[in-house]
Every structure is written in structure tokens, then in C-alpha cells.
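Architecture and fold: a report
Letter by letter, the chains look like this.
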Amino acid sequence: VIKPRLGLTPAEQASLVEEALSSGCDLVEDDEKLAGQGKHLFDERVTLCLEAQRRAEARTGLRLGYIPNITAPMGEMLRRAETVARNGGVSVAVDVLTAGWAAVQELRLASEGLGLILHANRVTHAVLTRSNDSGISMLALAKLCRLAGVDELHIDPVVGKTGGDAEEAGIIQANLTANQVEQPVGTPYFTQRWGDMEPVLPVVAGGLSPLTLPRIWQLFGNNVMIQFGGGIYGHPLGIAAGTRAVRQALDAAMNGCSLTVAARTNPELQVALDAWRFAAQKHEATPPKLQVVRNLPRTC
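Figured I'd write up the structure that's included with this text. Note that the coordinates shown come from a computational prediction; the quantities given were computed from them, not determined experimentally.

Enumeration over the complete set of coordinates arrives at zero aromatic pairs. Here the basic side chain of Arg80 rests over the ring of Phe42, its NZ or CZ set 4.7 Å away from the ring centre.

Below, the structure is given as C-alpha cells:
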């Protein structure tokens with residue numbers, strides 16, 4: 001996720017997109033709060049960033065992606081989606097709660113015709129989901145998003161700045177990816193049957209860094225998109241080093257190796273550990289007792 005979120009010219013943002021994608025990121029997304037850019041600046045930004053994506057693909061030989069946020073009044077949002085598709089983009093992001101369900105469904109129909117992946121950001125969800133005494137749970141919002149037809153949705157990462165409950169995060173992941181979710185014994189969650197409805201890819205983000213990857217891997221497995229902002233752009237040696245540090249931490253987590261041991265042969269990861277040492281012990285602590293279900297059967 002591009003940082004800083006505001007103040008960059010289209011050319012400056014395209015430069016950051018190209019550097020991140022060339023260094024090991026699979027996808028780069030606009031920040032959900034990227035705003036006030038104006039119609040013509042949006043068009044210029046999308047054109048330049050997609051050109052940057054193609055240069056990174058030529059350099060790496062990989063299929064990469066740039067996800068522009070197109071949230072706007074309905075007519076402008078559809079125009080932006082068409083602009084992305086016309087310039088060769090394959091994915092768009094929408095702030096589903098601020099846009100509204102009717103707008104999301106309309107965009108879903110348009111996206112089908114344009115061949116676009118619909119990435120759902122949940123910005124403003126906390127005013128509904130964070131209180132235990134009132135509001136609506138993120139699980140309910142996630143079910144509505146699947147019903148509305150989004151392809152990817154942000155959920156609680158449990159670690160990082162947005163936190164969340166591990167048990168509920170596991171139930172949400174299951175409801176986004178499985179055909180049927182049975183009611184866990186002794187919980188308030190209901191059995192949910194999804195029939196032949198398409199699955200949704202869970203996305204975890206919010207204050208994540210290389211230090212959080214062992215917990216993320218443990219909680220969610222590989223059926224998840226993991227997003228970083230300051231955890232890459234804030235690396236003392238720059239974006240490329242930040243991306244390599246994330247990759248090194250992910251490899252370590254997948255291989256059951258501690259970050260401290262992995263850092264001995266990975267200098268970018270060592271710099272990240274030194275820079276964020278205050279969090280290292282917290283994120284390499286004893287795993288939580290709850291083990292959520294992961295890699296559930298899915299219909300594609």
C-alpha cells in the first residue's frame with residue numbers, strides 16, 4: 001500500500017509502484033484514503049502506474065498488479081473502472097462501506113463486463129464493529145460483502161495496529177472461502193451454507209511488518225493476501241530492502257525458522273529487526289492457543 005498516502009504527484013506514485021513491484025511485491029494498492037486528486041489526475045495516475053507495472057513485469061518476468069482505488073460518486077466510479085480497464089488494468093479497489101451496498105452491486109455488474117477483480121476495502125468499519133455493546137460484527141459485514149460479489153476483502157489481521165479477535169478472524173476467513181461453515185461447538189456463530197457462490201480472498205493489513213509474519217502465517221496459512229505499508233516503505237534502507245525483508249520473513253515463517261535465526265543470513269531482515277526491536281519479542285512470542293481452520297475447500 002503506497003505511502004505516503006497523500007501529497008504525491010502521479011509520476012512520484014508511479015515511481016514508488018515500479019520500485020515496489022520490481023523488488024518483490026506481487027501487488028501494489030492505492031491507500032483507501034487517497035482522495036482529492038481530481039478526475040484528470042486520477043486518469044494520469046492510473047496511466048503512469050500501469051505503465052510502471054508493465055515495466056516491472058518486463059524486468060522480473062512475473063505477473064504483477066497495481067490496484068487503483070476508484071471510490072467516488074456512482075457515475076464517476078464507473079468511469080474510473082472503465083479507465084482502468086481501457087489502460088490494461090485488471091483490478092480496482094472500492095471502499096465498500098462509504099460507497100454503499102447498492103453502489104457495490106452496480107460496480108460488481110460493471111466489473112464483470114470489464115474483466116476487473118473487485119478489491120473491497122472496509123475503511124470506516126470500526127465505527128460499526130469495534131464496540132462489544134452496539135453496532136454490527138465484522139463477520140456480518142463480511143457475509144454481506146460475499147453476497148454483494150466482491151473478490152477480495154480486508155479482515156482483522158489479529159496482529160498489527162488494527163488487531164481483532166483470533167476466533168472471529170478464523171470464522172470470517174472460513175465464511176469467505178468455504179462452501180459451508182459448521183457452527184463451532186460452544187460458540188455464538190451459526191452454520192452457514194454458501195452453495196455455489198464464489199469465494200472471496202481474505203486480505204490482512206494494518207500496521208504489519210516483517211515482524212508480524214510468523215503470527216500471520218500461523219493464523220491464516222496461505223489462503224490470504226498480506227498487505228504492508230510502513231512495514232515496507234519505512235525500512236531504513238528503502239523500499240527494495242523493505243520488500244526483501246518481508247520476503248525473507250515469510251520464507252522463515254513458512255519453514256518454521258525464527259526471525260532471529262533467519263536474520264543471520266538475511267541483512268535486510270536483520271535491519272528490520274533492529275529498527276523495530278521493540279516489537280520483535282511480542283511477535284515471536286508463544287503462539288496463541290486457538291488454531292483457526294485454514295486452507296478450506298473452495299469453489300472457483
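So, next bit.
In terms of nonpolar packing, the biggest core is built from 72 residues, with Val17, Ile70, Val150, Leu153, Phe220 and Tyr233 touching the most fellow members. Not counting chain neighbours up to four residues away, the residues in contact with Tyr233 comprise Val1, Ile2, Lys3, Leu16, Ala20, Val28 and Ile239.

Turning our eyes to something else, we now look at the pairing of strand β5 (residues 152-155). Of the two faces of β5, both are covered, the one formed by Glu152 and His154 as well as the one formed by Leu153 and Ile155. Two strands pair when backbone bridges link them, and strand β4 (residues 117-121) and β5 are joined in this way by two bridges, in the parallel orientation. Note on β5: the bridge partner recorded for His119 is Glu152. Summarising the sheet, β5 and strand β8 (residues 201-204) pair through four bridges and their orientation is parallel. Residue pairing in the sheet places Ile155 in a bridge with Val204 of β8.

Attention shifts here to the environment of Tyr66. Within the secondary structure, Tyr66 sits in strand β2 (residues 65-67). For the pair Tyr66 and Leu109, spaced 43 residues apart in sequence, the C-alpha separation works out to 21 Å. Not counting residues up to four positions away in its chain, the partners in contact with Tyr66 are Gln13, Val17, Val28, Asp30, Arg45, Val46, Cys49, Leu50, Gln53 and Ser91. A distance of 3.1 Å separates the side chain of Tyr66 from the side chain of Arg45, its partner in a polar contact.

Counting buried positions along helix α9 (residues 213-220) gives six out of eight residues, so the element sits mostly inside the fold. Turning to α9, its buried residues are Leu213, Arg215, Ile216, Gln218, Leu219 and Phe220.

Next up on the list: the sheet that holds β4. With parallel pairing, the five strands of this open sheet are ordered in space as β3-β4-β5-β8-β9. With partners counted over all chains shown, the strands left at the sheet margins are β3 (91-95) and β9 (225-226), one partner each. In the sheet, β8 pairs with β9 via two bridges, with the strands oriented parallel. Bridge pairing in β9 links Val203 to Met225.

Helix α11 (residues 239-254) packs onto α9 with a crossing angle of 50 degrees between their chain directions and a minimal axis gap of 9 Å. As summarised for this structure, α9 and α11 are arranged oblique, according to the angle between their axes. Crossing of α9 over α11 shows right-handed handedness. Where α9 abuts α11, its residues Leu213, Pro214 and Trp217 lie against Val246, Ala249, Leu250, Ala253 and Met254. When its residues are assigned to classes, the contact of α9 with α11 shows eight nonpolar, no polar and no charged.

Along the chain, the position of Arg146 falls in helix α7 (residues 138-148). Contacts of Arg146, omitting those with residues within four sequence positions, involve Asn175, Leu176, Thr177, Ala178, Trp194, Met197, Glu198, Pro199 and Val200.

Moving on to the pattern of salt bridges. According to the stated counting rule, one finds 13 salt bridges in the structure shown. Across the salt bridge formed by Arg55 and Glu18, the nearest N and O atoms sit 2.8 Å from each other. One end of the pair, Arg55, is in helix α2 (residues 39-60); the other, Glu18, is in helix α1 (residues 10-23), with 37 residues separating them in the sequence. A relative accessible area of 15% means that Glu18 is categorised as buried. When salt bridges that share partners are traced, they join Asp43, Glu76, Arg79 and Arg80 into one network.

Glancing now at the side chain of Arg122. Its location among the elements puts Arg122 in the loop between β4 and α6 (126-129). Contact partners of Arg122, with chain neighbours within four places excluded, come to Leu97, Met138, His154, Ile155, Asp156, Pro157 and Thr162.

On the surface, Val127, Leu128, Ile136, Leu144 and Leu147 cluster together into a nonpolar patch covering about 430 Å² of accessible area. Of all the elements in the fold, those that place two or more residues in the nonpolar patch are α6 and α7. Along the chain, Leu147 turns up in helix α7.

Conventions we followed
Per chain, residues are indexed from 1 in the order of the written sequence. Only residues with pLDDT of at least 70 are given local features in this predicted model, and only at 80 or more are side-chain atom pairs given and counted; all residues enter the totals for whole chains, interfaces and linings. Each side-chain value is derived from all of the structure's non-hydrogen atoms; neither hydrogens nor water enter the calculation. Note on aromatic pairs: the rings of Phe, Tyr and Trp (six-membered ring only in Trp) are paired at centre separations within 6.5 Å, and the planes decide the class, stacked below 30 degrees, edge-to-face beyond 60, tilted for the rest. The rule for a charge over a ring is simple: NZ of Lys or CZ of Arg within 6 Å of the ring centre, and within 35 degrees of the ring normal. Nonpolar cores are built from buried Ala, Val, Leu, Ile, Met, Phe, Trp, Tyr and Cys residues. Side-chain atoms within 4.5 Å join them into one set. Accessible area is worked out with a 1.4 Å probe on protein chains only. A residue is then buried under 20% of its type maximum, exposed over 50%, and partly exposed in between. Whether two residues touch is decided by their heavy atoms; if any such pair falls within 4.5 Å, the residues are in contact. Secondary structure elements follow DSSP: runs of H or I no shorter than four residues count as helices, runs of E no shorter than two count as strands, and numbering proceeds from the N terminus. By this definition, two strands are paired if DSSP reports at least two bridges between them. Side-chain atoms alone can form a polar contact between residues adjacent in sequence; in general such a contact is a pair of N or O atoms within 3.5 Å, and within protein one must be able to donate a hydrogen while the other accepts it. Think of each axis as a best-fit line through the C-alpha atoms, taken over the contacting stretch in the case of a helix, with angles from 0 to 180 degrees between the N-to-C directions. By the definition adopted for this analysis, an angle is roughly parallel if under 35 degrees, roughly antiparallel if over 145, roughly perpendicular if from 65 to 115, and oblique otherwise. Take the far helix as the reference: if the near one is turned anticlockwise from it by less than a right angle, the crossing is left-handed, and if turned clockwise, right-handed. Three classes are used: nonpolar for Ala, Val, Leu, Ile, Met, Phe, Trp, Tyr, Cys and Pro, charged for Asp, Glu, Lys and Arg, and polar for all others, with Gly counted as polar. Salt bridges are counted wherever a side-chain nitrogen of Lys or Arg sits within 4 Å of a carboxyl oxygen of Asp or Glu. Patch membership needs two things, relative accessible area over 30% and no salt bridge, and members are linked within 9 Å if like-charged or within 5 Å if nonpolar (Val, Leu, Ile, Met, Phe, Trp, Tyr). The Shrake-Rupley method, run with a 1.4 Å probe sphere, supplies the accessible areas, and residue values consider only the shown protein chains as cover.

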